[in-house]
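Take a look at the letters that make up each chain.
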Amino acid sequence: MMVNPYDDSRLMLALQIDHSRVAGFFAAHWGNKDFARPEPYSSVVMAAQEHDIGWWEWEAKPSTLNEKGFPLDYHDGSLKYLGQLRLDFYKNAVDHILKRDPYAALLMAMHGVALMNAGYGRYAYPPDRSADPRVKSYIDNQEQLRTKLVEQLRQDDTLKPFVSDEQIWTNYEYIEVFDQLAQYVCNRYPLNSKWRKQGPSDTLNDVDVPTKHGRQPVKVKINTVSENRAIMTPYPFDVDPLVFSINARLVPNRVYKDPEDFLGEFYRAERITVTHSLASA
Ligand SMILES: [Fe+2]
């Protein structure tokens, strides 16, 4: 759950499952003369769309508050507050998707591991938590699954072209980019708010953004020019501007005396749709 100040009296809650759908929308529109459309297209889009869907298990009833009695924000420390559940629900989501699309499940498993091992050691944040035995066991399990899925997908004639190590890691990078961008737009309100200190920067934490096969990745820059519009340079989408919407809900900005107090406000909350756009310079 992304907990953002909305106005003087309310918080805007963007659920991880809704943020996930925004990532899928970005994936679906990715590609133009400078940026290749991800392939296999529907698998990568589905992986982006479902990458945080495991959170449904908790967000259906978000019954843990943070130490201050406020709704649990995704940067409060999900492993600290939710423990084994946090690891299990990522694994469960991969198992669900596996039945429909093993390639998407492969990318989701890699994304889930990356959240726990500092992006396979390539990112500074979130930190490497693999020294925790619970985390180590989760990572070992998902990495075994990765090995098995890669072997399986390499036997599939239609997917074979997309299962080289290079292709898989490029698609992993795509998912990171879609996630970072979808965090950026969901973890603040309005879009040009500077309130949020953790999470993706204006350069999406300098994540490598794939361009085209055989070409170097680039870094992107986001410039929020108004409350609902940002300029993205270089611009990766197939339409310009790209208009997108985020489902969210509004709850009182106050200390909650216990989980039931919060859940009442959460379930009764006014639902809103926030609409922003990304455009080229
Ligand atoms: Fe995410």
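Located above this text is the structure these notes cover.
In every chain, residue numbers begin from 1 and rise along the written sequence. Per-residue local features are limited, in this predicted model, to residues with pLDDT of at least 70; the limit for side-chain atom pairs, both in listing and counting, is 80 or more; totals at the level of whole chains, interfaces and linings are taken over all residues.

Colleague: Sorry if this is basic, but what is going on with the overall build of the chain here?
Modeller: Counting secondary structure elements, the chain contains 10 helices and six strands. Taken over C-alpha atoms, the radius of gyration is set against a globule rule of 2.2 Å times the number of residues to the power 0.38. Over its C-alpha atoms the chain spans a radius of gyration of 19 Å, differing by no more than 12% from the 19 Å that the globule rule assigns to 281 residues. Along the first, second and third principal axes, the C-alpha set of the chain runs to 55 × 45 × 30 Å. Put simply, a residue is buried when 20 or more other C-beta atoms lie within 10 Å of its own C-beta and exposed when 12 or fewer do; between those, it is partly exposed, and each C-beta is set from the backbone. Residue burial in the chain is summarised as follows: out of 281 residues, 37% are buried. The contact criterion used is a C-beta to C-beta distance within 7 Å, with each C-beta placed from the backbone. The long-range share in the chain, meaning contacts at least 24 apart out of those at least 6 apart in sequence, stands at 68%. Counting from the N terminus, the helices are the DSSP runs of H or I reaching at least four residues and the strands are the DSSP runs of E reaching at least two.

Colleague: Please clarify how the nonpolar core should be interpreted in this entry.
Modeller: Most often, soluble globular proteins keep nonpolar side chains buried together rather than apart. Within the largest apolar cluster, 69 residues are counted, with the highest numbers of intra-cluster contacts made by Leu-13, Ala-27, Leu-107, Met-108 and Phe-178. Those residues in contact with Leu-107 that sit more than four places away from it in its chain are Val-44, Ala-47, Asn-171, Tyr-172 and Ile-175. The nonpolar core criterion groups buried Ala, Val, Leu, Ile, Met, Phe, Trp, Tyr and Cys residues into a set whenever they are joined through C-beta atoms within 7 Å.

Colleague: Just checking my understanding: could you explain the packing of helix H6 (residues 102-114) against helix H8 (residues 133-153) for this structure?
Modeller: For any two helices packed against each other, the geometry comes down to the angle between their axes and how far apart the axes lie. What counts as an axis is a line fitted to C-alpha atoms, over the stretch in contact for a helix, and the angles between N-to-C directions run from 0 to 180 degrees. It is at 9 Å that the axes of H6 and H8 come closest, and there the two elements cross at 150°. In terms of their interaxial angle, H6 and H8 are classed as roughly antiparallel. When the axes of H6 and H8 are compared, the crossing they make is left-handed. Contacts from Pro-102, Tyr-103, Ala-105, Leu-106, Ala-109, Met-110, Gly-112 and Val-113 of H6 reach H8 at Ile-139, Gln-142, Glu-143, Leu-145, Arg-146, Leu-149, Val-150, Gln-152 and Leu-153. For the contact of H6 with H8, a count of residues per class yields 12 nonpolar, three polar and two charged. Any angle that is under 35 degrees is reported as roughly parallel, and any over 145 degrees as roughly antiparallel; angles of 65 to 115 degrees are reported as roughly perpendicular and all others as oblique. Two helices crossing with the near one rotated counterclockwise from the far one by less than a right angle form a left-handed crossing, whereas a clockwise rotation gives a right-handed crossing. In this classification, Asp, Glu, Lys and Arg are treated as charged, Ala, Val, Leu, Ile, Met, Phe, Trp, Tyr, Cys and Pro as nonpolar, and every other residue, Gly included, as polar.

Colleague: Help me out: how do you make sense of the pairing of strand S4 (residues 229-233) in this one?
Modeller: Where burial is concerned, the two faces of S4 differ: the one with Ala-230 and Met-232 is buried and the one with Arg-229, Ile-231 and Thr-233 is not. As paired strands, strand S3 (residues 221-226) and S4 are joined by five bridges and run antiparallel to one another. Directly across from Lys-221, in S4, lies its bridge partner Thr-233. Here, a strand pair is defined by DSSP locating no fewer than two bridges between the strands. Alignment of S4 against strand S6 (residues 270-279), held across three bridges, turns out to be parallel. Bridge pairing in S6 links Ala-230 to Leu-278.

Colleague: Help me understand the sheet that holds S6, please; the structure alone is not making it clear to me.
Modeller: In any sheet, the strands associate via hydrogen bonds between backbone groups, in a parallel or an antiparallel arrangement. The six strands lie next to each other as S1-S2-S5-S6-S4-S3, forming an open sheet whose pairing is mixed. In this open sheet, the two strands that pair with only one neighbour each are strand S1 (2-5) and S3. The sheet shows a mean angle of 35° between the axes of neighbouring strands, direction not considered. Bridge analysis of strand S2 (residues 10-14) against strand S5 (residues 242-252) gives four bridges, and the strand direction is antiparallel. By the bridge assignment for S5, Leu-11 is matched with Val-251. Here helix H1 (residues 16-29) sits on the sheet in contact with S1, S2 and S5, set at roughly 175° to S5.

Colleague: Please explain the packing of helix H2 (residues 41-50) against helix H9 (residues 165-186) as it appears in this structure.
Modeller: At their nearest, the axes of H2 and H9 sit 10 Å apart, and the two run at 40° to each other. On the basis of their axis angle, the class for H2 and H9 is oblique. In terms of crossing hand, the pair formed by H2 and H9 is right-handed. In this structure, H2 contributes Val-44, Ala-47 and Ala-48 to the contact, and H9 contributes Asn-171, Tyr-174, Ile-175 and Phe-178. A breakdown of the residues in the contact of H2 with H9 according to their chemical character gives six nonpolar, one polar and no charged.

Colleague: Help me out: how do you make sense of the pairing of S5 in this one?
Modeller: Every other side chain in a regular strand lies on the same face of the sheet, so the side chains alternate between the two faces. Pairing of S5 with S6 involves nine bridges; the strand directions are antiparallel. Its bridge partner being in S6, Val-243 is matched across the sheet by Ser-277.

Colleague: How do you make sense of the environment of Gln-16 when you look at a structure like this?
Modeller: Following the sequence through the fold, Gln-16 ends up in helix H1. In this structure, the C-alpha to C-alpha distance between Gln-16 and Asn-92, residues 76 residues apart in sequence, is 15 Å. Excluding anything up to four places from it in sequence, Gln-16 contacts Met-1, Asp-52, Trp-55, Glu-59 and Tyr-74.

Colleague: Looking at this model, I keep getting lost on unusual backbone geometry. Mind explaining?
Modeller: Negative phi characterises most residues that are not glycine, and trans characterises most peptide bonds. In this model, Glu-39 is joined to Pro-40 through a cis peptide bond whose omega is 0°. One can find Pro-40 in the loop between H1 and H2. Note the cis peptide between Tyr-189 and Pro-190, where omega equals -5°. Mapped onto the elements of the fold, Pro-190 is located in the loop between H9 and S3. Positive phi values are uncommon outside glycine, yet Asp-206 reaches one of about 60°. Within the secondary structure layout, Asp-206 lies in the loop between H9 and S3. The class of Asp-206 is partly exposed, set by 13 C-beta atoms lying within 10 Å.

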